[in-house]
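Results of the structural survey
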Amino acid sequence: MAKVELKAPIVDEIKGYVADAKSAVLVDYRGLTVEQDTRLRRQMREAGVVYKVYKNTMLHLAFDGTDYAQLDQHLEGPTAIAFGIEDETAPARILNDFAKEAESLQFKGAVVDGTYYDEAGVKVLATIPSKEVLISKLLGSLQSPITNLARVLNQIAEKQGEAAAE
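What comes next concerns the included structure.

Structural notes on helix α3 (residues 56-63)
Considered for burial, the residues of α3 that qualify are Asn56, Met58, Leu59, Ala62 and Phe63. The buried residues of α3 occupy one face: seen down the axis, they fall within an arc of 160°. Positive backbone phi, at 80°, marks glycine 65, one or two positions downstream of α3.

Structure follows, in structure tokens:
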């Protein structure tokens, strides 16, 4: 069996993630203990993030012709990739939080919605809350004035009701 035939299923698997992903973050995972790696993988899985280690050549082949080709410059040394399928910023947030306790974990770069970010840019992305959190904050801020208006209207209606009863 030729090497190309062995590589094809792996490249196709990566291409599937690339097609579905809203973001991808590359990290150098050297220095992580087995226990740390296991914990990181569990956190990723629970957040709906696909976290895998592939050979750089496989990633390069899968990225070809996509926005993720911008990450080719970082395909050296040990590389793990985190695909954000549902939430664009989840991989950066989780990895950034994890890197606080596992200092050996290093960002290489990321692509989010077609835009490339270097290591510093990824750290900024990590500070952005998820869409759900942002939406709930927006709804909370919209709900407050409406609730106050309803309370005032209710008080006016009660006073008018009392005046009519007299």
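Some remarks on the nonpolar core
Counting 23 residues, the largest nonpolar core has Val25, Val27, Leu40, Met44, Tyr51, Leu95 and Leu105 as the members making the most contacts within it. Listed by contribution, the elements that provide at least two residues to this core are β1 (23-28), α2 (34-46), β2 (49-53), β3 (80-84), α4 (90-99), β4 (106-112) and α5 (119-125). It is α4 that provides the largest number of residues to this core, a total of 6 residues. The next biggest cluster of nonpolar side chains, apart from the first, holds 18 residues, and it includes Val11, Ile14, Ala24 and Ala62.

A short note on the sheet that holds strand β5 (residues 115-117)
Reading across the sheet, the 5 strands line up as β2-β3-β1-β4-β5 and stay open at both edges, with antiparallel pairing between neighbours. Strand pairing shows two members of the sheet lacking a second neighbour, β2 and β5, which therefore form its edges. Strand-to-strand twist of the sheet, defined as the mean angle between neighbouring strand axes without regard to direction, takes the value 15°. Pairing of β2 with β3 involves 5 bridges; the strand directions are antiparallel. The partner of tyrosine 51 across the bridge, within β3, is alanine 82.

Definitions and cut-offs
Residues numbered from 1 in each chain as written. Predicted model: local features only at pLDDT ≥ 70, side-chain atom pairs only at ≥ 80, totals over all residues. Heavy atoms only, no water. Buried < 20%, exposed > 50% of the residue type's maximum accessible area, 1.4 Å probe, protein only. Helix = DSSP H or I, 4+ residues; strand = E, 2+ residues; numbered from the N terminus. Arc of directions from axis to C-beta. Core = buried A, V, L, I, M, F, W, Y, C linked by side-chain atoms within 4.5 Å. Pairing = 2+ DSSP bridges. Axes fitted to C-alpha atoms, helices over the stretch in contact; angles between N-to-C directions.

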